[in-house]
Amino acid sequence: MKFGGIRFVLCISLLILVPTVPVLAAENAHLLIDASKPGAKIDRNLFGQFAENLGHGLYEGIWVGPDSPIPNTRGIRNDVVTALRALKVPNVRWPGGCFADQYHWRKGIGPAEKRPATLNSAWGGVVDTNSFGTDEFMDFMQQIGSQPYVSVNVGSGTPQEASEWLEYMTAAQPTTLAKERAANGHPDPYKVGFMGIGNESWDCGGNMTAEYYLSQLKIYSRFVDNDNSSQQGPSHMLKIAVGPGFPETEWTETIMKAWQHHHWSWDFDGLSLHWYTVPNGWPPSTPSTGFGVEDYTKTLNSTLLMDEFLRKQEAVMDKYDAKKKVALVVDEWGAWHAPLPGTNKDFLVQQNSLRDAILASLNLNIFARHADRVRMANIAQMVNVLQAMILTDKEKMVVTPTYYVFKMYVPFQDATFIPVDFDPGSLHRDGVTLPRIDALAAKDVTGTLWIEITNLDPEKPVEIDAAIAGTAFKSAKGETLTASAVDSVNTFAAPNTVVPKPISAIVKNGKLALTVEPKSVTVLSLEP
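Residues numbered from 1 in each chain as written. Predicted model: local features only at pLDDT ≥ 70, side-chain atom pairs only at ≥ 80, totals over all residues. Heavy atoms only, no water.

Let's talk about the pattern of salt bridges
Then comes step 1: Applying the stated criterion across every chain yields a total of 26 salt bridges.
Then comes step 2: Between aspartate 34 and lysine 37 there is a salt bridge whose closest N-O contact spans 3.7 Å.
Then comes step 3: For lysine 37, a relative accessible area of 54% translates into the label exposed.
Then comes step 4: In this structure, the salt-bridge partner of lysine 394 is aspartate 393, at a minimum N-O distance of 3.9 Å.
Then comes step 5: In the salt-bridge network here, residues are joined through shared partners; they are Asp318, Asp321, Lys324, Asp372 and Arg373. (Salt bridge = Lys/Arg side-chain N within 4 Å of Asp/Glu carboxyl O. Buried < 20%, exposed > 50% of the residue type's maximum accessible area, 1.4 Å probe, protein only.)

Here's the deal with the environment of histidine 261
Then comes step 1: As for its placement among the helices and strands, histidine 261 is situated in the loop between helix H6 (250-260) and strand E13 (270-277).
Then comes step 2: The spacing of histidine 261 and arginine 222 is 39 residues in sequence and 15 Å in space, taken between C-alpha atoms.
Then comes step 3: A polar atom in the side chain of histidine 261 sits 3.4 Å from the side chain of glutamine 260. (Helix = DSSP H or I, 4+ residues; strand = E, 2+ residues; numbered from the N terminus. Polar contact = N/O pair within 3.5 Å; in protein donor to acceptor, adjacent residues only side chain to side chain.)

Overview of the confidence of the model for the chain
Then comes step 1: Mean pLDDT for the chain: 93, with 95% of residues reaching 70 or above.
Then comes step 2: Throughout residues 1-21 the model reports pLDDT below 50, and contacts reaching past four residues in sequence, or to other chains, amount to 71 contacts. (pLDDT = per-residue confidence, 0-100. Contact = heavy atoms within 4.5 Å.)

Digging into the pairing of strand E18 (residues 415-418)
Then comes step 1: Across 2 bridges, strand E3 (residues 41-42) lies against E18 in antiparallel orientation. Residue lysine 41 lies in a different strand from E18, and its bridge partner there is threonine 416.
Then comes step 2: Both E18 and strand E22 (residues 437-443) contribute to a ladder of 3 bridges, which runs antiparallel. Paired with isoleucine 418 across the strands is alanine 441, a residue of E22. (Pairing = 2+ DSSP bridges.)

With respect to the packing of helix H2 (residues 134-144) against helix H3 (residues 159-170)
Then comes step 1: Their axes nearest at 11 Å, the elements H2 and H3 cross at an angle of 50°. Relative to H3, the element H2 lies oblique. Here H2 runs over H3; the crossing is right-handed. Counted together, Thr134, Asp135 and Met138 of H2 and Trp165, Tyr168 and Met169 of H3 form the full contact between these two elements.
Then comes step 2: Grouping the amino acids of the contact of H2 with H3 by side-chain chemistry returns 4 nonpolar, 1 polar and 1 charged. (Axes fitted to C-alpha atoms, helices over the stretch in contact; angles between N-to-C directions. Parallel < 35°, antiparallel > 145°, perpendicular 65-115°, else oblique. Left-handed = near helix turned anticlockwise from the far one by under 90°. Nonpolar A, V, L, I, M, F, W, Y, C, P; charged D, E, K, R; others polar.)

Printed below as a string of structure tokens:
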């Protein structure tokens, strides 16, 4: 049986004693990895983040203000910046999300005391002081070393408003807007790596038809541009069109068919796609704490649908873009669970468990296998919202199991995909059939081979033996992320419940042998 182009052999092997659980027979998996057959580049932008003005994602999560007793640099939390720098975050999408199509950028620039207070009608109807705006976001990007991915307002804005926003951010010549930016403390133009032309225009972004959105896309693409002369040519700002948030392909068909013969005056570089893991349907009802193996398997089974969703959209894109010039951009993805009891339901607060870490690894592996077309993605969201990297509460901060997955995957950024051949086997639980393991391999720019293995089995370890061709290595080192239960979480009181730990492997005659624990994510490097 094939899964993701990989073949894998299962058999019963020796007994292994696993602490705190009964003695269980380990499964045996054989991997064939051929480093002489490189695939597509795993674009570092696949590991992007998303920071919407939603709940405590920005305010309190990233922004506390310069007068806060919480240590900060120009109002941005130092602890959050330090944590994010370790992830080498390639890009951050802001200000939304649904919030983007009600955001008017002028309300978020200039002296803080003169900025108008507005209502965030997209998320809870709370008052937004607009103290975190364009210049604060760009400061945040510089502090964490990331590229801005700004979403312009197509729903309630105008092409002129969006064009002037880009001029404010990127113009180097002494235009009135460039002078205004300089007066606000930023004489040099910003670099904007990506621009999203609307958000979910088929729903919260205006409930548009594909044909109507296409008419707006042409206008915004033509008149909203980057004026930073240093971003011309290969480093130009990439424009991202709204794509689907549903399995049907009609929207993609409409946009890509028009793109195939597009006029010189309009163009785009990527088509967005939104797909959340919501195993019980909308509204999300799966608990993020206190769940058992049944919810674990059902959630992972649901998240694996990402592969099928991508294939359907890619088939349409290939029909009109055989050379794959247009990237598929999964700029909203992740686990969407029920709000934590006692929280504002519109703030989308949920815990982040070992289950979510495994869910993240499965999605990142799927993206890597589609790397020839999927070249950018943004998990939802960065801090305090949905499947967050970081949780904060006043001065306290804790990183989540998903954070550690992203940190373990840093070596895969811009690495070259290497095919792995294996059969994932089958795991049958509570009426659900899952692959027992998943795996990914890639070679970085230094020539180091990296291997990732996800063991989905909540109870049984797997003994791995891997034959490695096309490269020589003498040793292997790595780490694994697991915990005592599928619902294990990191809390402010117990921040180290789910953290990576070193793992050993045996290397002999070009082969690799190790045991991966149940419900775990493991990353290894093979040293020459």
